[in-house]
Amino acid sequence: LVKNAIAVIRPPGHHAEHNEPMGFCLFNNVPIAVKACQEEFGDKCRKVLILDWDVHHGNGVQEAFYKDTNVLYISLHVHQGGKFYPAGPAGDHLHCGEGAGLGKNVNIPWRTAGMTDADYLLAFQRIVMPIAQDFDPDLVVVSAGFDAAEGDMLGKCHVSPAGYGHMTRMLMSLADGNVAVCLEGGYNLRSIAISALAVTRTLMGEPPGRVATTIPTPSGVDTIEEVLRQQAYYWPC
C-alpha cells in the first residue's frame with residue numbers, strides 16, 4: 001500500500017473534452033482516474049480535490065465535473081483575459097460551477113505571464129488551502145504540468161523546483177496524505193525534470209528547498225483578491 005505517487009504519463013490530458021482531443025491531449029487522464037477511484041473505493045474516495053498547476057487552464061477537467069458536488073477543481077493558470085490557450089472566457093474567475101457543483105470550480109486566472117513562487121504560494125495560502133480544508137477531500141490528484149516552471153519559454157513564468165515542492169507539501173496535509181501527482185504539460189525537458197524531481201522528493205518526505213521569491217507581483221495580488229471576492233459567496237472561509 002502506497003501513501004502517494006507520481007505518474008509520469010504521456011500524452012497529457014487536461015485539455016481533452018469528452019468528445020474531442022485538444023492541445024496534445026487525447027484522453028483526459030485525471031478525470032478518468034478520479035471516476036475509476038470513486039467507483040472502486042466508494043465512500044472511502046467520495047470527495048476528490050483536483051489541483052491543476054499547469055500554466056494552461058484545464059478546460060476538459062472543468063467541463064467533466066462542472067455540475068459535480070463531490071469533485072473540487074482548482075486551477076491556477078495564465079489567462080490574459082481569455083487570450084492565452086485555450087482561448088475564451090471559460091478559465092475566468094466567474095466560472096464557479098453549476099447546479100450541485102456550484103462553488104466547486106475555482107479558477108485563479110493570472111492576468112499576465114511572469115508569475116513567481118510568491119504569487120503561487122500566496123494563492124495557496126489565501127485561496128487553495130482554506131477552500132481545500134473546508135472541502136475535506138478523501139483524495140488529492142494534481143494535474144501537474146510544469147510549463148509554469150522557470151526556463152519554460154512558452155509559459156514564461158518563474159516557478160522554481162522549491163516552489164513546486166512547497167505546493168506539494170501543503171497538499172500532503174490533506175486527505176491523510178493521499179496524493180497522486182499526474183504529469184500534464186511542459187515544453188522544457190530540464191525544467192520538467194528538476195521540477196518533477198523536487199515534487200517526488202517532497203512526496204518521499206524530504207523538506208522543500210528555499211523559494212526564489214517571497215514578494216508577490218502586484219498583478220498576482222490583484223488576481224487573488226478578485227478570486228477571493230467571487231469565491232466568498234460559496235466558501236465562508
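Higher on the page you've got the structure.
Treat the numbers as computed from the prediction; the structure is a model and nothing was measured.

Quick look at the pairing of strand β5 (residues 139–144) now. The buried fraction of β5 amounts to six of the six residues, a majority that puts the element mostly inside the structure. Here β5 shows no split at all, with Leu139, Val141 and Ser143 on one side and Val140, Val142 and Ala144 on the other all buried. Following the backbone out of β5, through helix α4 (residues 161–171) and into the adjacent parallel strand β6 (residues 179–183), one traces a crossover that is right-handed.

Side chains that differ in sign of charge can pair as their charged atoms come close. Under the defined criterion, the tally for this structure stands at six salt bridges. Taking the shortest distance from any N to any O, the salt bridge between Lys67 and Glu98 comes out at 3.4 Å. Of this pair, Lys67 sits in the loop between α2 (59–65) and β3 (71–78) while Glu98 sits in the loop between β3 and β4 (105–110); the two residues are 31 residues apart in sequence, bridging distant segments of the chain. For Glu225, the salt bridge goes to Arg126, with nearest N and O atoms at 3.2 Å. Remark: Arg126 occurs in helix α3 (residues 117–135) and Glu225 occurs in helix α6 (residues 218–231); sequence separation between them is 99 residues. A single salt-bridge network, built from bridges that share partners, covers Arg111, Asp222 and Glu226.

Moving on, we get to the packing of α3 against α6. Between α3 and α6, the shortest axis-to-axis distance is 9 Å and the interhelical angle comes to 10°. Between α3 and α6, the crossing angle belongs to the class labelled roughly parallel. Across the interface between the two elements, Asp119, Leu122, Ala123, Arg126, Ile127 and Ile131 from α3 touch Gly220, Val221, Ile224, Glu225, Val227, Leu228 and Gln231 from α6. Classifying every residue of the contact of α3 with α6 gives eight nonpolar, two polar and three charged.

The next point concerns helix α1 (residues 29–41). In this model α1 runs 18 Å from its N-terminal to its C-terminal C-alpha over 13 residues, within 8% of the 18 Å that 1.5 Å per residue would give. Within the span of α1, buried status applies to Val30, Pro31, Val34 and Gln38. Down the axis of α1, the sector holding all buried residues measures 100°, keeping them to one side. Counted as exposed and oriented over 90 degrees from the buried face of α1: Glu39 and Glu40. In this fold, the buried residues of α1 make contact with β2 (48–52), α2, β3, β5 and β6. The positive-phi residue at the C-terminal boundary of α1 is Gly42, with phi of around 55°.

Turning next to the packing of aromatic side chains. A complete count under the given rule lists six aromatic pairs for this structure. Taken together, the aromatic side chains of Trp53, Phe146 and Tyr164 make up a single cluster linked through ring pairs. Against the face of Phe135 rests Lys47, its NZ or CZ located 5.2 Å from the ring centre.

Cut-off values and rules
- Residues numbered from 1 in each chain as written.
- Predicted model: local features only at pLDDT ≥ 70, side-chain atom pairs only at ≥ 80, totals over all residues.
- Heavy atoms only, no water.
- Buried < 20%, exposed > 50% of the residue type's maximum accessible area, 1.4 Å probe, protein only.
- Helix = DSSP H or I, 4+ residues; strand = E, 2+ residues; numbered from the N terminus.
- Right-handed = clockwise from strand over helix to strand, strands pointing away.
- Salt bridge = Lys/Arg side-chain N within 4 Å of Asp/Glu carboxyl O.
- Axes fitted to C-alpha atoms, helices over the stretch in contact; angles between N-to-C directions.
- Parallel < 35°, antiparallel > 145°, perpendicular 65-115°, else oblique.
- Contact = heavy atoms within 4.5 Å.
- Nonpolar A, V, L, I, M, F, W, Y, C, P; charged D, E, K, R; others polar.
- Expected span 1.5 Å × (residues − 1).
- Arc of directions from axis to C-beta.
- Phe/Tyr/Trp six-rings, centres within 6.5 Å; stacked < 30°, edge-to-face > 60°.
- Lys NZ or Arg CZ within 6 Å of the ring centre and 35° of its normal.

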